[in-house]
Amino acid sequence: MKRKGNRQQLIYQLALGGISSAIALLLVWLSVVVRYGTIGFFVAACVALLVPLSQRYYFATISAYVVSSLLAFAIVGDIFMISGYVVCLAPLSIMSGIMLEKKVKWYIAMPIKAVFSGLALAFLYYVAGTIMISPDIIGEVPFWAVELVGIVALILVDLLMNEVYKVLKVRVERVLRKRVKEVEDEEEEDVNPFDNEE
């Protein structure tokens, strides 16, 4: 029975990882096609990545992030157009979700997220030449202003994502628990009552 449970858990992990990757890829692609609401699409893609993470499927989450990033790059052809997702928002949301799961204290988590956000914004500003809002801002607004406003904005987005994650975790657990119960009921119905007789 334990082997069946492990196999079922692996199936759920692969399924959630695959679905998350596909949805994240679609949303990242839409962020390039639509041109408006880029941050909104990136945030929605990050929510998709949080689905397997909500069940502590860390490998599935990181795999979904890597696969969606590589496929998005292959489709778009310009890594800098999707760098806000690849470099900043996706790693930040995954890091934040893991910290929630591991119950890291806020006074430890917040400085780590702030430092990461600052480094990600520096990469976007100096290397990618974009800050997810408009490439026209580069050169018009000094980096210190981008850094200051950007870190505060990313922390606020992170707080919102934490609340979404908590709701998502409950919903996904409820669906999986219901599915597991259905499978167990089916297995009990399939048991032959005469199997235990000698």
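Residues numbered from 1 in each chain as written. Predicted model: local features only at pLDDT ≥ 70, side-chain atom pairs only at ≥ 80, totals over all residues. Heavy atoms only, no water.

Here we look at the side chain of Gln-55
Mapped onto the elements, Gln-55 comes out in the loop between helix 2 (38–53) and helix 3 (58–76). In this structure Gln-55 comes out as buried when scored by relative accessible area, which is 17%. Excluding anything up to four places from it in sequence, Gln-55 contacts Leu-16, Lys-169, Val-172, Glu-173 and Leu-176. (Helix = DSSP H or I, 4+ residues; strand = E, 2+ residues; numbered from the N terminus. Buried < 20%, exposed > 50% of the residue type's maximum accessible area, 1.4 Å probe, protein only. Contact = heavy atoms within 4.5 Å.)

Considerations on the packing of aromatic side chains
Throughout the structure, instances matching the rule amount to six aromatic pairs. An angle of 75° between the planes, with centres 5.0 Å apart, marks the rings of Tyr-125 and Tyr-126 as edge-to-face. Judged by relative accessible area, which is 11%, Tyr-125 ranks as buried. According to the relative accessible area criterion, Tyr-126 is exposed, its value standing at 56%. Here the aromatic residues Phe-42, Tyr-65 and Tyr-85 are joined through ring pairs into a cluster of three or more. (Phe/Tyr/Trp six-rings, centres within 6.5 Å; stacked < 30°, edge-to-face > 60°.)

Quick notes on the pattern of salt bridges
Overall, the coordinates contain five salt bridges when judged by the stated rule. The partner of Glu-101 in a salt bridge is Lys-169, with the nearest N and O atoms 2.9 Å apart. With Glu-101 in helix 4 (residues 83–101) and Lys-169 in helix 6 (residues 143–190), the pair connects residues that are 68 residues apart, well separated along the chain. As a salt-bridge pair, Lys-166 and Glu-163 come within 3.5 Å of each other at their nearest N and O atoms. Note that Lys-166 and Glu-163 are positioned in helix 6 at a spacing of three residues, about one turn of the helix. Given the relative accessible area of 42%, Lys-166 is considered partly exposed. Each of Arg-56, Glu-101, Lys-169 and Glu-173 takes part in one network of salt bridges that share partners. (Salt bridge = Lys/Arg side-chain N within 4 Å of Asp/Glu carboxyl O.)

Taken by themselves, the reported measurements are silent on function.
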